[in-house]
Amino acid sequence: MLMTNSGQVTILGLLILITFVNVGLIAYPFAWQGEATTALNNSKASSIDGNRSVTPHGANISATLPLLVLFPEASQISPTGFITKADGRLQIEVLFSKAVDTSTFIPGTSLILAMETNPNATVTVKWDLNNRFLTIVTNDSLSSLCHFDPDCNFALRLDGTAPNPIKATDGSLLNGGFDNYWRGFVIIG
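Along every chain, residues carry numbers that run from 1 in the direction the sequence is written. pLDDT decides what is reported in this predicted model: residues at 70 or higher carry local features, side-chain atom pairs at 80 or more are listed and counted, and totals for whole chains, interfaces and linings draw on all residues regardless. Side-chain figures throughout are based on the complete set of non-hydrogen atoms in the structure, without hydrogens or water.

(A) Inspection of the overall build of the protein chain at higher detail. Under the scheme used here, helices are H or I runs from DSSP no shorter than 4 residues and strands are E runs no shorter than 2 residues, and both carry numbers assigned from the N terminus. A tally of regular secondary structure across the protein chain gives three helices and twelve strands. Three exposure classes are used, based on accessible area relative to the maximum for each residue type with a 1.4 Å probe and protein chains only: buried under 20%, partly exposed in between, and exposed over 50%. Taking all 189 residues of the protein chain together, 30% fall into the buried category. Here, two residues are considered to be in contact whenever any of their heavy atoms come within 4.5 Å of each other. For the protein chain, contacts bridging at least 24 residues in sequence account for 63% of all contacts bridging at least 6. When the accessible surface of the protein chain is summed, it comes to about 11,200 Å², and 60% of that surface belongs to carbon and sulfur atoms. Each accessible area is a Shrake-Rupley result for a 1.4 Å probe, and residues are judged covered by the shown protein chains and nothing else.

Next comes the structure, spelled out in structure tokens:
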């Protein structure tokens, strides 16, 4: 009967699909659905370190979120996100998702500021907000770091991969250790 009437096959298929969705088959197979839902409802998240704990069957399972750069946004070129100080030096501010282990943050190695005249400009760094907010200032002025023909292009790279990845205080790697942070800038001349 199902092979002769395609309308009945469609209705039967929809009824089966609706039944499985209501049982929770897509989210959790069969009998696990009740326990998993309870574990997720009882999970605790910390807004400070980005960790999430789940307790199915009484076992504590923790997941640590990776260290991320919240500002400026990565992988784009922008005429914003930096300032020129009164003395002519360049200043870039970076906000991280959680506290950085500053011993893993090494200017010239895990932080590269590539300028037009210097592929690894010397910088000074300052940390605020419990090591979540970073201020980067060039030691040289923009007039010696840029050609201005007519614009000045430069890039900031933060190492998230081996051998010198930047780490959070909880041990998580920048971008999960899978990718470097990169941001290009342009000063319109």
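(B) Here's a closer look at the nonpolar core. Residues grouped as a nonpolar core are buried Ala, Val, Leu, Ile, Met, Phe, Trp, Tyr and Cys residues, joined through side-chain atoms within 4.5 Å. Counting 30 residues, the largest nonpolar core has Ile92, Val94, Phe96, Met115, Phe154, Leu156 and Leu158 as the members making the most contacts within it. At the level of secondary structure, the elements contributing two or more residues to this core comprise β7 (89-96), β8 (111-114), β9 (123-128), β10 (133-141), α3 (142-145), β11 (152-158) and β12 (181-187).

(C) Quick look at the state of the cysteines. Whenever a pair of cysteine sulfur atoms sits within 2.5 Å, that pair is classed as a disulfide. With the rule as written, the count across this model stands at one disulfide. Through a disulfide, Cys146 is tied to Cys152; the S-S separation comes to 1.9 Å. Its S-S torsion of approximately -50° makes the covalent link between Cys146 and Cys152 left-handed. In this structure Cys152 comes out as buried when scored by relative accessible area, which is 0%.

(D) Here's a closer look at the sheet that holds strand β5 (residues 77-78). Taking strand neighbours across the sheet as the criterion, the four strands line up as β5-β12-β11-β8 in an open arrangement whose pairing is mixed. In the strand order of this sheet, the two ends are held by β5 and β8, each with one partner. Here β11 runs beside β12; their pairing, made up of seven bridges, is antiparallel. Bridged to Asn153 within β12 is Val186. Note on pairing: DSSP must find at least two bridges between two strands before they are called paired.

(E) Fine view of the pattern of salt bridges. A side-chain nitrogen of Lys or Arg and a carboxyl oxygen of Asp or Glu constitute a salt bridge if their distance falls within 4 Å. Enumeration according to the criterion identifies two salt bridges in this entry. Asp87 is the salt-bridge partner of Arg89, the closest N and O atoms lying 2.8 Å from each other. Classification of Asp87 as partly exposed rests on a relative accessible area of 46%. Here Lys98 ties to Asp170 by a salt bridge, and the two come within 2.9 Å at their closest N and O atoms.

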